[in-house]
Amino acid sequence: MKKKNLSVFGIGPIYVVTITFLTLVAILLDFFKILDLKVFNFFAMIFVCFGFAFVIIGIFIWIKATVVSKISVNVKNNKLVTDGIYGVVRNPIYSAFMFLNWGVLLILKNILIFVLIPLYWLLLTLFVKNTEEVWLRNLYGKEYDNYCKNVNRCIPFRFKKKV
């Protein structure tokens, strides 16, 4: 029996458009001072530095996930990619956009819009857990289950112990 192919895009466009829209709204609310509670002095510089670091990390992850890993070719060939950046995070393309948007929010230094940071993580977790993870589990079975035991869903760090 031939395996059914997954979509190259998955739920990504829905997630990316949603968080990018929310970030743009946050930028406008900040710009027009509708929501305005800024962090100043020393802490402001820390938030800006972390913001730029997150933007750079997001760009780096995106390049590794799309260009270096050639993910669209692997998806079309029904190959479960578990090496490279995919050996560090299961959803690096979505994570890249999450980090980019987190970075922009941090650069704004507006405490009132920081609530979006955990919201973006929660949305990514819920979207992926209820869609792509189900599809991948049905397609790859035990191989995908083992992969999930060793690699984090959306934060690209090795918190999990190799089994």
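As the structure is a computational prediction, the values presented were derived from the model and not from experiment. Each chain carries its own residue numbering, running from 1 in the direction its sequence is written. In keeping with the model being predicted, local features are shown solely for residues with a pLDDT of at least 70 and side-chain atom pairs are shown and tallied solely at 80 or more, while totals for entire chains, interfaces and linings include all residues. The side-chain quantities take in all heavy atoms of the structure and omit both hydrogens and water.

**Some points on the overall build of the protein chain**
Item 1. Helix numbers and strand numbers start at the N terminus; a helix is a DSSP run of H or I with at least 4 residues, a strand a run of E with at least 2. Of regular secondary structure, the protein chain possesses seven helices and zero strands.
Item 2. Tracing the protein chain from N to C terminus, the helices and strands come up as α-α-α-α-α-α-α.
Item 3. Residue contacts follow a heavy-atom distance rule, with two residues in contact if any of their heavy atoms lie within 4.5 Å. Contacts in the protein chain between residues at least 24 apart in sequence constitute 78% of all its contacts with a sequence separation of at least 6.
Item 4. Lys and Arg are tallied as positive, Asp and Glu as negative. Neither His nor the chain termini are counted. Think of each charge as sitting on NZ of Lys, CZ of Arg, CG of Asp or CD of Glu. Within the protein chain, the 7 negative side-chain charges are centred at a point lying 6 Å from the centre of the 20 positive side-chain charges.

**A word on the packing of aromatic side chains**
Item 1. Here a Phe, Tyr or Trp ring, Trp counted by its six-membered ring, pairs with any other such ring whose centre lies within 6.5 Å, and the pair is stacked when the planes are under 30 degrees apart, edge-to-face when over 60, and tilted otherwise. For the coordinates displayed, the defined rule picks out nine aromatic pairs.
Item 2. Summarising the aromatic geometry, the rings of tyrosine 144 and tyrosine 147 are spaced 6.1 Å apart at their centres and angled 55 degrees between planes, so their arrangement reads as tilted. Of this pair, tyrosine 144 and tyrosine 147 both sit in helix H7 (residues 142-150), three residues apart, roughly one helical turn.
Item 3. Given a relative accessible area of 2%, tyrosine 144 falls into the buried group. Three exposure classes are used, based on accessible area relative to the maximum for each residue type with a 1.4 Å probe and protein chains only: buried under 20%, partly exposed in between, and exposed over 50%.

**Observations regarding the nonpolar core**
Item 1. Membership of the largest hydrophobic core comes to 39 residues, with the highest contact counts inside it found for Tyr15, Met98 and Tyr120.
Item 2. Among the elements of the structure, helix H1 (12-31), helix H2 (41-68), helix H3 (71-76), helix H4 (92-108), helix H5 (116-130), helix H6 (132-140) and H7 are those that each provide at least two residues to this core.
Item 3. The element contributing the most residues to this core is H4, with eight residues.
Item 4. If near-sequence neighbours (up to four positions away) are discounted, tyrosine 120 is found in contact with Tyr15, Ile19, Leu22, Thr23, Met98, Asn101, Trp102 and Leu105. Buried Ala, Val, Leu, Ile, Met, Phe, Trp, Tyr and Cys residues form a nonpolar core when they are joined through side-chain atoms within 4.5 Å.

**Side note on the state of the cysteines**
Item 1. Note on disulfides: each one is a pair of cysteine sulfur atoms within 2.5 Å. Taken as a whole and assessed by the stated rule, the structure comprises zero disulfides.
Item 2. Cysteine 154 forms no disulfide, and the closest cysteine sulfur to it belongs to cysteine 148, at a distance of 12 Å.

**With respect to the confidence of the model for the protein chain**
Item 1. Per-residue pLDDT for the protein chain averages 90, and the proportion of residues at 70 or more is 91%.
Item 2. Looking at the elements of the protein chain, mean pLDDT is at its lowest for H3, recorded as 84, and at its highest for H4, recorded as 97. Per-residue confidence from the predictor is given as pLDDT, running between 0 and 100.

**Digging into unusual backbone geometry**
Item 1. One non-glycine residue, asparagine 78, lies in the positive phi region at around 60 degrees.
Item 2. Within the secondary structure layout, asparagine 78 lies in the loop between H3 and H4.
Item 3. Note on asparagine 78: relative accessible area 14%, which makes it buried.

**Section: the pattern of salt bridges**
Item 1. A pair is scored as a salt bridge if a Lys or Arg side-chain nitrogen falls within 4 Å of a carboxyl oxygen belonging to Asp or Glu. Enumeration over the complete set of coordinates arrives at four salt bridges.
Item 2. For arginine 137, the salt bridge goes to aspartate 145, with nearest N and O atoms at 2.5 Å.

**Section: the packing of H1 against H5**
Item 1. Helix axes use the C-alpha atoms of the stretch in contact, all axes being lines fitted to C-alpha atoms, and the angles between their N-to-C directions lie in the range 0 to 180 degrees. Contact geometry for H1 and H5: axes closest at 10 Å, N-to-C directions at 170 degrees. Our classification of the angle between H1 and H5 gives roughly antiparallel. Crossing of H1 over H5 shows right-handed handedness. Between H1 and H5, the contacting residues are Ile14, Tyr15, Thr18, Ile19, Leu22, Thr23 and Ala26 on the first element and Leu116, Leu119, Tyr120, Leu123, Leu124 and Phe127 on the second. Angles are sorted into four bins: roughly parallel if under 35 degrees, roughly antiparallel if over 145, roughly perpendicular if 65 to 115, and oblique for all others. Handedness of a crossing is defined here by the sense of rotation of the near helix relative to the far one, left-handed for an anticlockwise turn of less than a right angle and right-handed for a clockwise turn.

**Some remarks on the environment of glycine 58**
Item 1. Its location among the elements puts glycine 58 in helix H2.
Item 2. We classify glycine 58 as buried; its relative accessible area is 0%.
Item 3. Separated by 84 residues in the primary sequence, glycine 58 and lysine 142 place their C-alpha atoms 30 Å from one another.
Item 4. Apart from the residues lying within four places of it in its own chain, the contact partners of glycine 58 are Ala96, Phe99 and Leu100.

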